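# Overview (structure and organization)
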Amino acid sequence: MKYSGWPDPGELVVGKIDEIEDFGVFVDLEEYEDKRGLIHISEVASGWIKNVRDHVREGQIAVCKVLDVDESSQQIDLSLKDVNDHQRSDKIQDWKNEQKADNWMELAFGEEIEDEVYTAIANELIAIHGGLYEGFKQAAIHGEEALEDTDLDDDEIEAIVDTARENVSVPYVNVTGYVDLENPTDTGVDGIREALEAAEGNGEIPEEVDLEVSYVGAPEYRIKVQAPNYKTAESQLEESARRAVDAIEGHGGSGQYHRERRTDDE
């Protein structure tokens, strides 16, 4: 996806160097539709420059700072020397992430998606989350909840969430569920305790997973799972609840798993 407008002065942009002259360098902006900028020789590098080609090459991807924009003359002045290594690295990573998200849009809605539809959906993600990639990332972590403030319809939300959970890698994901445990039999509290130990995995939870069971209010217990990805977190949550229910039913009690909290107070 490319923006149709103009970059703002001070903004960092990604461009491909496509023409080198003695006086400077012309750059095609990768993030903006039909926009081209100029890096004057004085903005290519610090100090005296004998030959521009000693510092840049045609086809090179560069991160530049926008110095000035003159829409009437279709001119964008750029600087290469005003971008430090940290800014360059972060901007390139952001750009690559947005390219990934562009591919995810095609996975979610098909390669034949109309430009108008694509733009409308993308604008919803950008408005709420600041970018396509961040929109998909939040959808992977929080599911439909991450998109509830958008104007997307249910089918569009489902497509984004499903695609995000299949493709987005995030540092960790937190999911929460609840299990009701009741044991009116003679084993009473001991049966509940055994069910909670089963829910916690009896020491057999994978190393990359953090699982915690806590009391909310009789008969409800909260299960919190932190895992490297949504699928693992959701699977571990459901397995934890299943173990607890199986254990309490083994004592003649009853158990029920649910995703939303039912008690009013902690």
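It should be emphasised that the depicted structure is a prediction, and the values quoted were computed from it without experimental measurement.

## Let's talk about the UniProt feature "domain: S1 motif" (unreviewed entry) in the protein chain
According to UniProt, the positions carrying the feature "domain: S1 motif" (unreviewed entry) are residues 10-81. Span residues 10-81 is 0% helix and 50% strand, its end C-alpha atoms 13 Å apart.

## Overview of the packing of aromatic side chains
On inspection of all chains with the given rule, the structure shows five aromatic pairs. Put simply, the rings of W104, Y133 and F136 pair up and form one aromatic cluster. A cation sits over an aromatic face here: K35 above W6, 4.7 Å from the ring centre.

## What about a negative patch on the surface?
A contiguous patch of negative charge, built from E144, D153, D154, D155, E158 and D162, is present on the exposed surface. Given a relative accessible area of 44%, E158 falls into the partly exposed group.

## Let's talk about the packing of helix α1 (residues 85-109) against helix α4 (residues 154-167)
Where α1 contacts α4, the axes come no closer than 9 Å and their chain directions differ by 125°. Here α1 lies oblique to α4, going by the angle between them. You can see that α1 and α4 cross each other, and the crossing is right-handed. Along the contact surface, α1 presents W104, L107, A108 and F109, while α4 presents E156, A159, I160, T163 and N167. For the contact of α1 with α4, the per-class residue count stands at six nonpolar, two polar and one charged.

## So, the packing of helix α3 (residues 132-142) against α4
One can describe the packing of α3 onto α4 by two numbers: an axis separation of 8 Å at closest approach and a directional angle of 85°. Here α3 lies roughly perpendicular to α4, going by the angle between them. On α4, the residues touching F136, A139, A140 and H142 of α3 are I160, V161, T163, A164 and R165. Along the lines of polarity and charge, the residues of the contact of α3 with α4 split into six nonpolar, two polar and one charged.

## Some remarks on the side chain of Q236
Structurally, Q236 can be placed in helix α6 (residues 230-250). Given the relative accessible area of 13%, Q236 is considered buried. Those residues in contact with Q236 that lie beyond four places of it in its chain are I205, P206, V209, L211 and V225.

## Concerning the sheet that holds strand β6 (residues 173-182)
As summarised here, the arrangement of the four strands in space is β7-β8-β6-β9, forming an open sheet in which the pairing is antiparallel. Of all the strands in the sheet, just β7 (210-217) and β9 (254-258) have a single pairing partner and so form its edges. Neighbour-to-neighbour, the strand axes of the sheet open up by a mean angle of 25°, direction not taken into account. Bridge count between β7 and strand β8 (residues 220-227): seven bridges; the pairing is antiparallel. Considered in β8, the bridge of L211 is made with V225. Across the sheet, helix α5 (residues 188-199) touches β6, β7 and β8, and the angle it forms with β6 is around 160°.

## Topic: the pattern of salt bridges
Taken as a whole and judged by the stated rule, the model has 11 salt bridges. The shortest N-O distance in the salt bridge between R193 and D190 comes to 2.7 Å. Here the residue R193 and the residue D190 both occupy positions in helix α5, the gap between them amounting to three residues, near one helical turn. Here R242 ties to E239 by a salt bridge, and the two come within 2.7 Å at their closest N and O atoms. Highlighted residues: R242 and E239, both in helix α6, separated by three residues, approximately one helical turn. Since its relative accessible area comes to 40%, R242 is described here as partly exposed. Assessed through its relative accessible area of 32%, E239 is described here as partly exposed.

## A closer look at the nonpolar core
The biggest cluster of nonpolar side chains holds 46 residues, and the ones touching the most others in it are M105, L125, F136, I160, L181, I223 and V225. Ranked by the residues each element gives to this core, the list is headed by α6, at eight residues. Look past the residues within four positions of L181 in its chain and what remains in contact with it is I192, A195, L196, P219, Y221, A244, I248, S254 and G255. By size, the runner-up hydrophobic cluster in this structure holds 19 residues, among which are I17, V25, Y32 and V66.

About the cut-offs
- Residues numbered from 1 in each chain as written.
- Predicted model: local features only at pLDDT ≥ 70, side-chain atom pairs only at ≥ 80, totals over all residues.
- Heavy atoms only, no water.
- UniProt positions renumbered as here; feature names shortened; annotations may be inferred.
- Helix = DSSP H or I, 4+ residues; strand = E, 2+ residues; numbered from the N terminus.
- Phe/Tyr/Trp six-rings, centres within 6.5 Å; stacked < 30°, edge-to-face > 60°.
- Lys NZ or Arg CZ within 6 Å of the ring centre and 35° of its normal.
- Patch = residues over 30% accessible without salt bridge, like charges linked within 9 Å, V, L, I, M, F, W, Y side chains within 5 Å.
- Areas by Shrake-Rupley, 256 points an atom, 1.4 Å probe, with all protein chains shown as cover.
- Salt bridge = Lys/Arg side-chain N within 4 Å of Asp/Glu carboxyl O.
- Lys, Arg positive; Asp, Glu negative; His and termini not counted.
- Charge placed at Lys NZ, Arg CZ, Asp CG, Glu CD.
- Buried < 20%, exposed > 50% of the residue type's maximum accessible area, 1.4 Å probe, protein only.
- Axes fitted to C-alpha atoms, helices over the stretch in contact; angles between N-to-C directions.
- Parallel < 35°, antiparallel > 145°, perpendicular 65-115°, else oblique.
- Left-handed = near helix turned anticlockwise from the far one by under 90°.
- Contact = heavy atoms within 4.5 Å.
- Nonpolar A, V, L, I, M, F, W, Y, C, P; charged D, E, K, R; others polar.
- Pairing = 2+ DSSP bridges.
- Core = buried A, V, L, I, M, F, W, Y, C linked by side-chain atoms within 4.5 Å.

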